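Here is what each chain is made of, one letter per residue.
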Amino acid sequence: MTTLTWRYRGGVAARTVAAIAGGYVLTSIASALIAIALPLPRADAVTIATLLSFVVYTCVILWVFATSSALRAWVGVVASSSVLGAVLWIAGRAS
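Thresholds, definitions, all that
- Residues numbered from 1 in each chain as written.
- Predicted model: local features only at pLDDT ≥ 70, side-chain atom pairs only at ≥ 80, totals over all residues.
- Heavy atoms only, no water.
- Helix = DSSP H or I, 4+ residues; strand = E, 2+ residues; numbered from the N terminus.
- Buried < 20%, exposed > 50% of the residue type's maximum accessible area, 1.4 Å probe, protein only.
- Contact = heavy atoms within 4.5 Å.
- pLDDT = per-residue confidence, 0-100.
- Axes fitted to C-alpha atoms, helices over the stretch in contact; angles between N-to-C directions.
- Parallel < 35°, antiparallel > 145°, perpendicular 65-115°, else oblique.
- Left-handed = near helix turned anticlockwise from the far one by under 90°.
- Phe/Tyr/Trp six-rings, centres within 6.5 Å; stacked < 30°, edge-to-face > 60°.
- Lys NZ or Arg CZ within 6 Å of the ring centre and 35° of its normal.
- Expected span 1.5 Å × (residues − 1).
- Bend = angle between axes of the 7 residues up to and from the residue.
- UniProt positions renumbered as here; feature names shortened; annotations may be inferred.

**Some details on the environment of Ile 34**
Here comes step 1: Note on placement: Ile 34 falls in helix H1 (residues 6-37).
Here comes step 2: Given the relative accessible area of 23%, Ile 34 is considered partly exposed.
Here comes step 3: Along the primary structure Ile 34 and Val 46 are separated by 12 residues, whereas in three dimensions their C-alpha atoms are 8.1 Å apart.
Here comes step 4: Aside from chain neighbours lying at most four places away, what touches Ile 34 is Ala 49 and Leu 52.

And the structure:
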């Protein structure tokens, strides 16, 4: 039986936090951006954005655990959140 190193366990823990916390932040920003961008009545846009958020969150979790390292997962989640957050901020100021 092989022993698991602390480095491996730390990588799994870092990916888990990136998937749960980072995925939640990324998904909430994406959901808000989708709701603003859809040219529908507000209730319909929010409903569609909420339904799509389940797909986004699942894809983020899968991507975090499919990357080659925990650092790459964190960089991807933070960079995506930053870009979408900037777009959401600009879209919010324009309306």
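Here the narrative resumes, following the displayed structure.
**Focus on the environment of Ala 79**
Here comes step 1: Positionally, Ala 79 belongs in helix H3 (residues 70-94).
Here comes step 2: Between the C-alpha atom of Ala 79 and that of Thr 47, which follows or precedes it by 32 residues, the distance is 26 Å.

**Observations regarding the confidence of the model for the protein chain**
Here comes step 1: Mean pLDDT over the protein chain works out to 94, with 98% of the residues at or above the 70 mark.
Here comes step 2: Mean pLDDT across the elements of the protein chain bottoms out in H3 (94) and peaks in helix H2 (residues 42-66) (97).

**Observations concerning the packing of H2 against H3**
Here comes step 1: Orientation of H2 relative to H3, taken along the N-to-C sense of each, is 150 degrees, at an axis distance of 8 Å. Put simply, H2 runs roughly antiparallel to H3. Here Val 60, Trp 63 and Val 64 of H2 come into contact with H3, specifically with Arg 72, Ala 73, Gly 76 and Val 77.

**Quick word on the packing of H1 against H3**
Here comes step 1: Here H1 crosses H3 at 20 degrees, and the two axes come no closer than 9 Å. Here H1 is positioned roughly parallel relative to H3, judged by the angle of their axes. When the axes of H1 and H3 are compared, the crossing they make is left-handed.

**Remarks on the packing of aromatic side chains**
Here comes step 1: Overall, the coordinates contain zero aromatic pairs when judged by the stated rule.
Here comes step 2: Seen from the ring of Trp 6, Arg 9 lies directly overhead, with NZ or CZ sitting 5.7 Å from the centre.

**Quick look at the environment of Arg 15**
Here comes step 1: Within the secondary structure, Arg 15 is located in helix H1.
Here comes step 2: The spatial distance from the C-alpha of Arg 15 to the C-alpha of Val 75 is 11 Å, given a sequence separation of 60 residues.
Here comes step 3: The residues touching Arg 15, leaving out its near neighbours within four places in the chain, are Val 64, Phe 65, Ala 66, Thr 67, Ser 68, Ser 69 and Ala 70.

**Examining H1**
Here comes step 1: Given a rise of 1.5 Å per residue, 32 residues ought to cover 46 Å, and the 44 Å separating the end C-alpha atoms of H1 matches this to within 8%.
Here comes step 2: The axis of H1 is deflected most strongly, by about 30 degrees, at Gly 23.

**Notes on the UniProt feature "transmembrane region" (unreviewed entry) in the protein chain**
Here comes step 1: Under the feature "transmembrane region" (unreviewed entry), the UniProt entry names residues 12-38, 45-65 and 71-91.
Here comes step 2: The span residues 45-65 is 100% helical and 0% strand by assignment, and the distance between its end C-alpha atoms comes to 30 Å.
Here comes step 3: Strand forms 0% of residues 71-91 and helix 100%; the C-alpha atoms that close the span are 30 Å apart.

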